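Next come the chains, spelled out residue by residue.
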Amino acid sequence: MCLGIPGEIVEILSDHPDLAKVDVSGVRRAINIGLLEGEALAPGDWILIHVGFALSKIDEAEARSALDFLESIGQAYEDEIAALRESMIEQG
Amino acid sequence: MRFVDEYRDADKARALAARIAALCEPGRAYKFMEVCGGHTHTIYKHGLEDYLPPAVTLVHGPGCPVCVIPMGRVDDAIHIAEQPGVIMTTFGDMMRVPGGRGSFLEAMARGADIRMVYSPLDALKIARENPDKQVVFMAIGFETTAPSTAMTILRAKAEGIGNFSVFCNHVTIIPAIKAILDSPDLRLDGFIGPGHVSTVIGCRPYGFIARDYGKPLVVAGFEPLDVLQSVYQNLVQLAEGRAAVENQYARVVPWDGNPKALAVINEVMELRPHFEWRGLGFISDSALRVTERYAAFDAERIFRIPGGRVADPQACQCGEVLKGVLKPWECKVFGTACTPETPIGTCMVSSEGACAAYYNFGRFSRDRVKEATRT
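Residues numbered from 1 in each chain as written. Chains lettered and ligands numbered in written order. Predicted model: local features only at pLDDT ≥ 70, side-chain atom pairs only at ≥ 80, totals over all residues. Heavy atoms only, no water.

Participant: Would you mind going over helix α11 (residues 259-268) of chain B in detail, with residue names and values included?
Facilitator: All of the buried residues along α11(B) are A261(B), V264(B), I265(B) and V268(B). Burial along α11(B) is one-sided: seen end-on, the buried residues are contained in an arc of 100°. Turned more than 90 degrees from where α11(B) packs its buried face, P259(B) and N266(B) sit exposed. Where α11(B) is buried, its residues touch β5 (53-58) of chain A together with α6 (146-159), α8 (196-201), β10 (269-271) and β13 (288-290) of chain B. The opening residue of α11(B), the one whose side-chain oxygen lies 3.1 Å from the backbone nitrogen of K260(B), is N258(B). (Buried < 20%, exposed > 50% of the residue type's maximum accessible area, 1.4 Å probe, protein only. Helix = DSSP H or I, 4+ residues; strand = E, 2+ residues; numbered from the N terminus. Arc of directions from axis to C-beta. Contact = heavy atoms within 4.5 Å. Polar contact = N/O pair within 3.5 Å; in protein donor to acceptor, adjacent residues only side chain to side chain.)

Shown next as structure tokens:
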């Protein structure tokens, strides 16, 4: 839960400007980007995600090293990705 | 010195460890607390204590949100979950946390509808899809997850969703650090500051630690080299006779944090006058509740909450582990009566808990050291 997981923005959803489609280790889910007000976000950008919300924009090198770290810790990261896989975030 | 868990940067870690050793004054022992459970995880996984000179000890702090939830709050949540027509939702980490009347998993077995979610937004979706049920989200976490809960309440209000509420257990990191600094049990030389909490609150709120207590704090990233670098920066400050807040994790943590995240927390939540922490007792102004303005989304106003206090099991020493007074393996029930499969205390439940991290990695590393010294 406290793990920040890096994801790559695939698409900003035009009908829901608070949401982006994001690729996290091959899992594509809607992530809320409303807390990154004022950041110019575009497909290809990397963000650090906590419980379905992007908390910071990061560069690709940081994203890669964060992923390496998460993969090294094993189970906790696998649990987080499994939970994300079940996530069905959408706007009303 | 032993090297237990080699990784790609082991050479760099050794070089940094040598610089750390060179800074230690002969005959002086140093204790640094890593506040965040994510750092504890890194330290055990990579056996970082084995890189450090014997004069440097890392002490684990209270930064595991699951671990600090007192048993009474788990019982309160289960009480809500057992009301007719309620769907309780929470993060997976909460499912095994023992309360006085068992865990969420046990309440589910008795028939309560409790569902694991990845995000509070998933709980909101369950509310949309079940208009005839009351959907409650048990919110836990430090400032890292509080903005997500606040954003979800704002979204529920904007959509006019009337069957969604939050049982708010968010806690704030600064009062916990202050409680530890004021505790007579432990003398610390400095802090490895939490990484992700600081993305939200920034580095300024730690200023009092340097100013009023004369201790350094270095906000650190989560890779092994980040943690070692942060120890190094702490020692440089001590050697130069100064205390300051430094940001080793500037590649992610802005000095001023995330203003939007702080604004949404302030919009939806306010400080409670006091809140009980497992192991640390009642701490003033240390937790968040939903404000009057969003009362319609506050489970504590919608449901009658028993609010009982439940003493921790006598055998459990999570309190001492959370304050950094005991190492996980010094607890009487560690690894015997208390394991991740059948936890007695919270520190063994969450993957961010010091006991679970040590159980999963530390022991393993130690076995490997033994093996390596045999061959």
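Participant: Before we move on, could you go through the pattern of salt bridges and cite the residues and values that matter?
Facilitator: Counting across every chain of the model gives 32 salt bridges over all chains. The partner of R64(A) in a salt bridge is E60(A), with the nearest N and O atoms 3.2 Å apart. Taken together, the positions of R64(A) and E60(A), both in helix α1 (residues 60-73) and four residues apart, correspond to about one turn of that helix. Across the pair E25(B) and R28(B) runs a salt bridge whose closest N-O atoms are separated by 3.9 Å. In this structure E25(B) comes out as partly exposed when scored by relative accessible area, which is 43%. (Salt bridge = Lys/Arg side-chain N within 4 Å of Asp/Glu carboxyl O.)

Participant: With reference to specific residues and values, describe the state of the cysteines.
Facilitator: Residues and elements named next belong to chain B. Applying the stated criterion across every chain yields a total of one disulfide over all chains. Paired by a disulfide, C64 and C67 hold their sulfur atoms 2.2 Å apart. Taking the sign of the torsion about the S-S bond as the criterion, the disulfide between C64 and C67, at about 65°, is right-handed. Each member of the pair, C64 together with C67, is buried. The structure places no disulfide on C203, whose sulfur is separated from the nearest cysteine sulfur, that of C36, by 14 Å. In this structure C355 is not part of a disulfide, and its nearest cysteine sulfur, from C347, lies 4.8 Å away. (Disulfide = S-S within 2.5 Å.)

Participant: Which residues make up the packing of aromatic side chains, and what are the values?
Facilitator: Residues and elements named next belong to chain B. A full pass over the atoms with the stated rule returns nine aromatic pairs over all chains. Between the aromatic rings of F91 and F137, the centroid separation amounts to 5.4 Å while the plane-to-plane angle is 80°, which identifies the pairing as edge-to-face. Here F91, found in the loop between β3 (86-90) and α4 (104-109), pairs with F137, found in strand β5 (residues 134-141); they are 46 residues apart in sequence, far enough to count as distant. Residues F91 and F137 agree in their burial class; the two are buried. Between the aromatic rings of F222 and Y249, the centroid separation amounts to 5.9 Å while the plane-to-plane angle is 80°, which identifies the pairing as edge-to-face. Highlighted residues: F222 in the loop between β8 (217-219) and α10 (224-239) and Y249 in the loop between β9 (245-247) and α11, separated in sequence by 27 residues. (Phe/Tyr/Trp six-rings, centres within 6.5 Å; stacked < 30°, edge-to-face > 60°.)

Participant: Please set out the packing of helix α5 (residues 120-129) of chain B against α6(B) residue by residue, giving values where relevant.
Facilitator: Residues and elements named next belong to chain B. Between α5 and α6, whose axes approach to 9 Å, the crossing angle comes to 25°. In terms of orientation, α5 lies roughly parallel with respect to α6. With respect to the hand of their crossing, α5 and α6 are arranged in right-handed fashion. Within the contact between the two elements, α5 uses P120, L121, L124 and R128 and α6 uses S148, T149, T152, R155, A156 and E159. Classifying every residue of the contact of α5 with α6 by side-chain character gives four nonpolar, three polar and three charged. (Axes fitted to C-alpha atoms, helices over the stretch in contact; angles between N-to-C directions. Parallel < 35°, antiparallel > 145°, perpendicular 65-115°, else oblique. Left-handed = near helix turned anticlockwise from the far one by under 90°. Nonpolar A, V, L, I, M, F, W, Y, C, P; charged D, E, K, R; others polar.)

Participant: How would you explain the pairing of strand β1 (residues 5-12) of chain A if you had to name every residue and give the values?
Facilitator: Residue and element names in this part refer to chain A. As judged from the four bridges shared by β1 and strand β4 (residues 46-50), these two strands associate in the antiparallel manner. Within the sheet, the bridge partner assigned to E8 lies in β4 and is W46. Note that β1 and strand β2 (residues 19-24) share four bridges and pair antiparallel. Bridge assignment links I9 to a residue of β2, and that residue is V22. With antiparallel pairing between neighbouring strands as the criterion, β1 and β2 make up a hairpin whose turn holds six residues. (Pairing = 2+ DSSP bridges.)

Participant: So what's going on with the sheet that holds strand β7 (residues 190-193) of chain B? Residues and values would help.
Facilitator: Residue and element names in this part refer to chain B. Within the open sheet, the five strands sit side by side as β2-β1-β7-β8-β9. Their pairing is parallel. Bordering the open sheet on either side are β2 (56-63) and β9, each of which pairs with just one other strand. The mean inter-strand angle of the sheet, taken between neighbouring strand axes irrespective of direction, is 20°. Along the sheet face, helix α2 (residues 37-45) touches β1 (30-36), β2 and β7 and points at about 120° away from the line of β1. Helix α7 (residues 173-182) rests against β1, β2 and β7 of the sheet, and its axis sits at about 155° to β1.

Participant: Describe the interface of chain A and chain B, with residues and values.
Facilitator: Contact with chain A, which involves 36 residues of that partner, is made by 40 residues of chain B. Taken over both partners, the interface formed by chain A and chain B buries close to 3,200 Å², and the fraction arising from carbon and sulfur atoms is 62%. The interface formed by chain A and chain B contains two salt bridges. Between E37(A) and K260(B) there is a salt bridge, with the nearest N and O atoms lying 3.4 Å from each other. (Buried area = accessible area lost by both parts, 1.4 Å probe.)

Participant: So what's going on with the sheet that holds strand β4 (residues 113-116) of chain B? Which residues, and what values?
Facilitator: Residues and elements named next belong to chain B. One open sheet holds the four strands; their spatial order is β4-β3-β5-β6, and the pairing between them is parallel. At either end of the open sheet lies a strand with only one pairing partner, and these are β4 and β6 (164-170). Between one strand axis and the next, the sheet turns by 25° as a mean value, whatever way the strands run. Pairing geometry for β5 and β6, over seven bridges, is parallel. Paired with A139 across the bridge in β6 is C168. Contacting β5 and β6, α6 crosses the sheet at an angle of about 160° to β6.

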